[in-house]
Amino acid sequence: MANSQAIQTTDNSYKDYWFWQRDSSPDLIARYPNLDLKGKDVLDIGCGIGGRTCYLGGQGARHVVGCDINSREIETTENLKRELAPELKDKVVFSCNQTEQIGLGKIKFDLVLIIDAMEYIKEPSLMPEQAYRLLKPGGKLNFGAVGWGHWHATHMLRIFPVSFMRLFFSDKTILNTARRMMKQEFYKSRTWDSNPPCLR
Ligand SMILES: C[S@@+](CC[C@H](N)C(=O)[O-])C[C@H]1O[C@@H](n2cnc3c(N)ncnc32)[C@H](O)[C@@H]1O
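Given the structure is predicted, the values throughout are model-derived calculations rather than measurements.

Criteria and thresholds
- Residues numbered from 1 in each chain as written.
- Predicted model: local features only at pLDDT ≥ 70, side-chain atom pairs only at ≥ 80, totals over all residues.
- Heavy atoms only, no water.
- Helix = DSSP H or I, 4+ residues; strand = E, 2+ residues; numbered from the N terminus.
- Buried < 20%, exposed > 50% of the residue type's maximum accessible area, 1.4 Å probe, protein only.
- Near = heavy atom within 4 Å.
- Polar contact = N/O pair within 3.5 Å; in protein donor to acceptor, adjacent residues only side chain to side chain.
- Areas by Shrake-Rupley, 256 points an atom, 1.4 Å probe, with all protein chains shown as cover.
- Nonpolar A, V, L, I, M, F, W, Y, C, P; charged D, E, K, R; others polar.
- Pairing = 2+ DSSP bridges.
- Axes fitted to C-alpha atoms, helices over the stretch in contact; angles between N-to-C directions.
- Contact = heavy atoms within 4.5 Å.
- Core = buried A, V, L, I, M, F, W, Y, C linked by side-chain atoms within 4.5 Å.
- Patch = residues over 30% accessible without salt bridge, like charges linked within 9 Å, V, L, I, M, F, W, Y side chains within 5 Å.
- Salt bridge = Lys/Arg side-chain N within 4 Å of Asp/Glu carboxyl O.
- Expected span 1.5 Å × (residues − 1).
- Arc of directions from axis to C-beta.

S.K.: Which parts of the structure should I look at to understand the environment of Phe-19?
M.R.: Secondary-structure assignment places Phe-19 in helix H1 (residues 12–23). Judged by relative accessible area, Phe-19 falls into the partly exposed class, the value being 30%.

In structure tokens:
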């Protein structure tokens, strides 16, 4: 599908990110207790450009759907999958949810994963209920995130590059500084911080 909005897969930074997602997955997935993918229908909510979704597809799952609210990234996932994981052509598919509501019709899953995405979702408290509705009876939801409350607050490092910042500054100071930094000309946001509709 020709789409001028899709991120070009010739952009190596996207390929690098895809490979990072895929190659960091074994360690990350090992932290999810008793995650059994074999023969399962899996939904990966907030999949971004889909490197992790493709990793899941290669681990014995029956089908994996990756969904994300960011349409530009979802268009790019298909290009990247075709180029970097063609063997997953029919096993892994991607879908854009456009709004905070994930609309996948009547499809239900054995396993719903939300990996490093909860902290990006505008209404995180509504997501577990949505995920629950997408589960088959007896299905499981697993989610994990680097929280704001973590002492390192890694997600702020790009904006406010002070390690262990939460030990030295109050939340109010960090947030006010971040707001000021993001308005500066030199500030370059990362794709998941800037692409609408990621309004966090
Ligand atoms: C840091 S990325 C995580 C990507 C991938 N799960 C990983 O572990 O590398 C967070 C993703 O959550 C997505 N996101 C934010 N709100 C969402 C929502 N309501 N529904 C689906 N995806 C959402 C963003 O667009 C972004 O791609």
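S.K.: For this particular structure, what's the right way to read the site of the ligand?
M.R.: Around the ligand, the surrounding shell holds 18 residues, and the nearest of these are Gln-21, Gly-46, Arg-52, Asp-68 and Ile-115. Ile-69 is positioned such that a nitrogen or oxygen atom in its backbone is 3.4 Å from a nitrogen atom of the ligand. Ile-115 places a polar main-chain atom, nitrogen or oxygen, 2.8 Å from a nitrogen atom of the ligand. Burial of the ligand by the protein amounts to 98% of the accessible area it has alone, namely 600 Å². Of the residues assigned to the shell around the ligand, the class counts are 8 nonpolar, 5 polar and 5 charged.

S.K.: Where do I start with the sheet that holds strand E2 (residues 63–68) in this structure?
M.R.: Note: strands within a sheet are paired through backbone hydrogen bonds, in either parallel or antiparallel orientation. Overall, parallel pairing links the 5 strands, which are arranged E3-E2-E1-E4-E5 in an open sheet. At either end of the open sheet lies a strand with only one pairing partner, and these are strand E3 (92–96) and strand E5 (135–144). In this sheet, adjacent strand axes meet at a mean angle of 20 degrees when their direction is disregarded. As defined by bridge partners, E2 adjoins E3 across 5 bridges and the pair is classed as parallel. The residue bridging Val-64 from the neighbouring strand is Val-92, located in E3. With respect to the sheet, helix H4 (residues 71–84) is in contact with E2 and E3, its orientation differing from that of E3 by roughly 165 degrees.

S.K.: Can you walk me through the nonpolar core in this structure?
M.R.: Side chains of a nonpolar character, in soluble globular proteins, are inclined to be buried together. One finds Val-42, Cys-54, Leu-56 and Leu-113 to be the most contacted residues of the largest nonpolar core, which totals 25 residues. Non-local contacts of Leu-113, meaning those with residues more than four positions away in its chain, are made with Leu-35, Val-42, Leu-43, Asp-44, Ile-45, Leu-56 and Asn-142. By size, the runner-up hydrophobic cluster in this structure holds 16 residues, among which are Ile-45, Leu-104, Ala-117 and Met-127.

S.K.: When you look at a nonpolar patch on the surface in this model, what are you seeing that I'm missing?
M.R.: There is a patch of nonpolar side chains on the surface, built from Phe-164, Leu-167, Phe-168 and Phe-169 and spanning about 430 Å² of accessible area. Secondary-structure assignment places Phe-164 in the loop between E5 and helix H6 (165–168). Assessed through its relative accessible area of 38%, Phe-164 is described here as partly exposed.

S.K.: Looking at this model, I keep getting lost on the pattern of salt bridges. Mind explaining?
M.R.: Pairing of side chains with opposite charge becomes possible as their charged atoms draw close. For the structure shown, the criterion picks out 9 salt bridges. As a salt-bridge pair, Asp-90 and Lys-89 come within 3.8 Å of each other at their nearest N and O atoms. Each member of the pair, Asp-90 together with Lys-89, is exposed. Note that Arg-133 is salt-bridged to Glu-129, the shortest N-O span being 3.2 Å. In this pair, Arg-133 and Glu-129 are both assigned in helix H5 (residues 127–133), 4 residues apart and thus about one turn of the helix distant. You can call Arg-133 partly exposed: its relative accessible area is 47%. Glu-129 sits in the partly exposed class, given a relative accessible area of 47%. A single network of salt bridges, built from pairs that share partners, joins Asp-41, Arg-62, Asp-110 and Lys-136.

S.K.: Sorry if this is basic, but what is going on with helix H7 (residues 171–182) here?
M.R.: Think of an α-helix as turning once every 3.6 residues; residues three or four places apart then point the same way. Its 12 residues place the ends of H7 16 Å apart at the C-alpha level, agreeing with the 16 Å of an ideal helix rising 1.5 Å per residue. Of all the positions in H7, only Ile-174, Thr-177 and Ala-178 are classed as buried. Taken down its axis, H7 places every buried residue within 105 degrees of arc, on the same side. Of the residues in H7, the exposed ones pointing more than 90 degrees away from the buried face are Lys-172 and Arg-180. Where H7 is buried, its residues contact H6.

S.K.: Would you take a moment to explain H4 for this structure?
M.R.: Helix length check: H4, at 14 residues, gives a terminal C-alpha distance of 20 Å against a target of 20 Å (1.5 Å per residue), a fit within 8%. Residues of H4 that are buried: Glu-73, Ile-74, Glu-75, Thr-76, Thr-77, Leu-80 and Lys-81. At the N-terminal boundary of H4, the capping side chain belongs to Asn-70, with an oxygen 3.1 Å from the backbone nitrogen of Arg-72.

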